[in-house]
Amino acid sequence: MRIKIDPDKCQGHARCYALAPELFSVDDYGYSSVIGDGEVPKELEEKAKLAIDNCPEFAISEVE
Ligand code: SF4
């Protein structure tokens, strides 16, 4: 599984970071980006899905 953030949609709530700090980094304004190339280790897939479902801007998506 691989995830990405659409920077045009992200509004900087840092909710994804709060849910899965292993997968996201956040800047001083709360805007997030995926760590590395967005590849999600198997054991963190549930957390990644949680972050996708809880992003209020629908900015996080799974890369097909
Ligand atoms: S939860 Fe969504 S809108 Fe908020 S920082 Fe993360 S990607 Fe951006």
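Draft legend 1. Broad picture of the environment of Ser32. Along the chain, Ser32 falls in strand 3 (residues 32-34). Taking the C-alpha atoms as reference points, Ser32 and His13, separated by 19 residues in sequence, lie 8.4 Å from one another. Contact partners of Ser32, with chain neighbours within four places excluded, come to Ile5, Cys10, Ala14, Cys16, Tyr17, Phe24, Ser25 and Val26.

Draft legend 2. Representation of the site of the ligand in the model. Residues in close proximity to the ligand total 13 residues, the closest being Cys10, His13, Arg15, Cys16 and Cys55. Of the residues contributing to the shell around the ligand, the split by class is seven nonpolar, four polar and two charged.

Draft legend 3. Layout of the environment of Cys16. Relative to the helices and strands, Cys16 resides in helix 1 (residues 15-19). Distance from Cys16 to Ser32, taken between C-alpha atoms, is 7.7 Å for residues 16 residues apart in sequence. Excluding residues within four positions of it along the chain, Cys16 makes contact with Phe24, Ser32, Ala51, Cys55 and Ile60.

Rules used throughout
- Residues numbered from 1 in each chain as written.
- Predicted model: local features only at pLDDT ≥ 70, side-chain atom pairs only at ≥ 80, totals over all residues.
- Helix = DSSP H or I, 4+ residues; strand = E, 2+ residues; numbered from the N terminus.
- Contact = placed C-beta atoms within 7 Å.
- Near = placed C-beta within 6 Å.
- Nonpolar A, V, L, I, M, F, W, Y, C, P; charged D, E, K, R; others polar.

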